[in-house]
Amino acid sequence: MTELTIAIGQMDSKIMDKEYNLHKAEALLDQTRGKADVICYPELFTTGYNFGLIGDAFYELAETIPGPTVERLAKKAGTYGTAIIGTIVEKDGNQDGVLYDTTFVINEKGEYVGKYRKAHLYPTEHQYFRSGSDFPIFEIWGVKAGIAICYDHAFGEMFRVLALKGAQVIFIPSVIPKDFEYLLDLRTRARAQDNQIFTVAVNRVGSEAGIVYCGNSKIVNPRGDVICEAGDEEEVATATIDLCEIARERKQEMSLRSRRPELYGSLTH
């Protein structure tokens, strides 16, 4: 597959109301009418994010992956032929009281294909979440996709690892507030151009306890150009990417092939 049509499901979330939020996510998917190959939602789209408001309720809101949310959305994915990427609070099925900020991936056939647990936790997140320790690659429509969640965005090393593992597109679900739009824009574009891949930042809108989320979700090509951008309201923004651009850019500037890892090893620990 040389082209992939990506839908950004930029949405607000009602705090601690999973049913309401899932219904809204399904409504955004319905808007694509099966015309998108994949849709991605913001970080913690089923619960909201504010730790002060949610607190210990995270333990009640958490679920296993796969679990009820994945099973429900998988039916929609299979019906529309649209892969779904979503980030929720995961309950570890083997360890009581262990939670993760986790992205699940459902393919275009409605099959659960795997998950990524956020590796770089923002300082306040350590109170409830445990860090993940792996950077998996997922296949949707024959395309190799990686995941980075919000604060992961700040760690270029992670994106380089994913690119070296073959990622062609990296999805970045986030909850970035207003006044930090510049970081969303800068990092999404830099991570794409650094590695000559596509990046897809999917950020939340709306507000919780006075914190307003900025939206401004975007799709960036391997040159670092923004090819699709949402505003600061709920919407579904779509764009079709040409995966052949990756090879063209890497032929133009062979930065991955010019790496000298023998110089970096002792500096990255």
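Residues numbered from 1 in each chain as written. Predicted model: local features only at pLDDT ≥ 70, side-chain atom pairs only at ≥ 80, totals over all residues. Heavy atoms only, no water.

Q: Residues and numbers for the overall build of the chain, please.
A: When you go through the chain residue by residue, the secondary structure sums to eight helices and 14 strands. Taking 2.2 N^0.38 as the reference for a compact globule, 269 residues should give roughly 18 Å; the C-alpha atoms of the chain span a radius of gyration of 18 Å, in line with that estimate. Buried positions account for 52% of the 269 residues belonging to the chain. In the chain, the proportion of contacts linking residues at least 24 apart, taken out of those at least 6 apart, comes to 69%. Summing over all exposed atoms, the chain offers an accessible surface of approximately 11800 Å²; the carbon and sulfur share of this is 48%. Side-chain charges in the chain split into 30 positive and 39 negative, and the spacing between the mean points of these groups amounts to 5 Å. (Helix = DSSP H or I, 4+ residues; strand = E, 2+ residues; numbered from the N terminus. Rg over C-alpha atoms; globule rule 2.2 N^0.38 Å. Buried < 20%, exposed > 50% of the residue type's maximum accessible area, 1.4 Å probe, protein only. Contact = heavy atoms within 4.5 Å. Areas by Shrake-Rupley, 256 points an atom, 1.4 Å probe, with all protein chains shown as cover. Lys, Arg positive; Asp, Glu negative; His and termini not counted. Charge placed at Lys NZ, Arg CZ, Asp CG, Glu CD.)

Q: Now, about the pairing of strand S7 (residues 143–147): what can you tell me, with residues and values included?
A: Within S7, four of the five residues are buried, leaving the element largely enclosed by the surrounding structure. Taken together, the three bridges between strand S6 (residues 138–140) and S7 define a ladder with antiparallel strand orientation. Across the sheet, Ile140 pairs through a bridge with Val143, a residue of S7. Hairpin remark: S6 followed by S7, antiparallel, with two residues in the connecting loop; positive phi at Trp141, about 55°. In terms of strand pairing, S7 meets strand S8 (residues 169–174) through three bridges, oriented parallel. By the bridge assignment for S8, Ile147 is matched with Phe171. Traced from S7 through helix H5 (residues 156–164) to S8, the parallel crossover comes out right-handed. (Pairing = 2+ DSSP bridges. Right-handed = clockwise from strand over helix to strand, strands pointing away.)

Q: Tell me what's going on with the layout of surface pockets, and back it up with residues and numbers.
A: The calculated volume of the largest pocket comes to roughly 490 Å³. For the lining of the largest pocket, the element with the highest residue contribution is helix H6 (residues 181–195), accounting for three residues. Taken together, the residues that form the lining of the largest pocket break down as 13 nonpolar, three polar and two charged. (1 Å grid on protein atoms, 1.4 Å probe; cavity = no way out; pocket = protein on both sides within 12 Å on 5 of 7 lines; lining within 4 Å. Points joined across faces, edges and corners; volume = space filled by probe spheres on them. Nonpolar A, V, L, I, M, F, W, Y, C, P; charged D, E, K, R; others polar.)

Q: Tell me about unusual backbone geometry, and name the residues and values.
A: Put simply, Ile65 and Pro66 share a cis peptide bond, and its omega is 0°. Turning to its location among the elements, Pro66 is positioned in the loop between helix H3 (57–61) and helix H4 (68–80). For Gln196, which is not glycine, the phi dihedral falls at a positive 55°. Within the secondary structure, Gln196 is located in the loop between H6 and strand S9 (198–203). You can call Gln196 buried: its relative accessible area is 1%. Despite not being glycine, Asn216 has its phi angle at roughly 60°, a positive value. Mapped onto the elements, Asn216 comes out in the loop between strand S11 (211–214) and strand S12 (218–220).

Q: Describe in detail the sheet that holds strand S5 (residues 112–117), supporting the description with residues and values.
A: Here we have six strands laid out as an open sheet, ordered S5-S4-S3-S2-S1-S14, and mixed in their pairing. In this open sheet, the two edge strands, each paired with only one partner strand, are S5 and strand S14 (235–242). Pairwise comparison of adjacent strand axes, ignoring direction, gives a mean angle of 25° for this sheet. Inspection of the sheet shows strand S1 (residues 3–10) paired to strand S2 (residues 38–40) by three bridges, in the parallel sense. Bridged to Ile6 within S2 is Val38. (Axes fitted to C-alpha atoms, helices over the stretch in contact; angles between N-to-C directions.)

Q: Please set out H4 residue by residue, giving values where relevant.
A: For H4, with 13 residues, the first-to-last C-alpha span of 19 Å sits near the 18 Å given by 1.5 Å per residue. Those residues of H4 not exposed but buried are Thr69, Val70, Leu73, Ala74 and Ala77. Projection of H4 onto a plane perpendicular to its axis shows the buried side chains occupying an angular sector of 120°, all on one side. Every exposed residue of H4 that faces more than 90 degrees away from the buried side is listed here: Pro68, Glu71, Lys75 and Thr79. Where H4 is buried, its residues meet helix H1 (18–32), strand S3 (83–91), strand S4 (99–106) and S5. One or two steps after H4, the chain reaches Gly81, where phi turns positive at roughly 70°. (Expected span 1.5 Å × (residues − 1). Arc of directions from axis to C-beta.)

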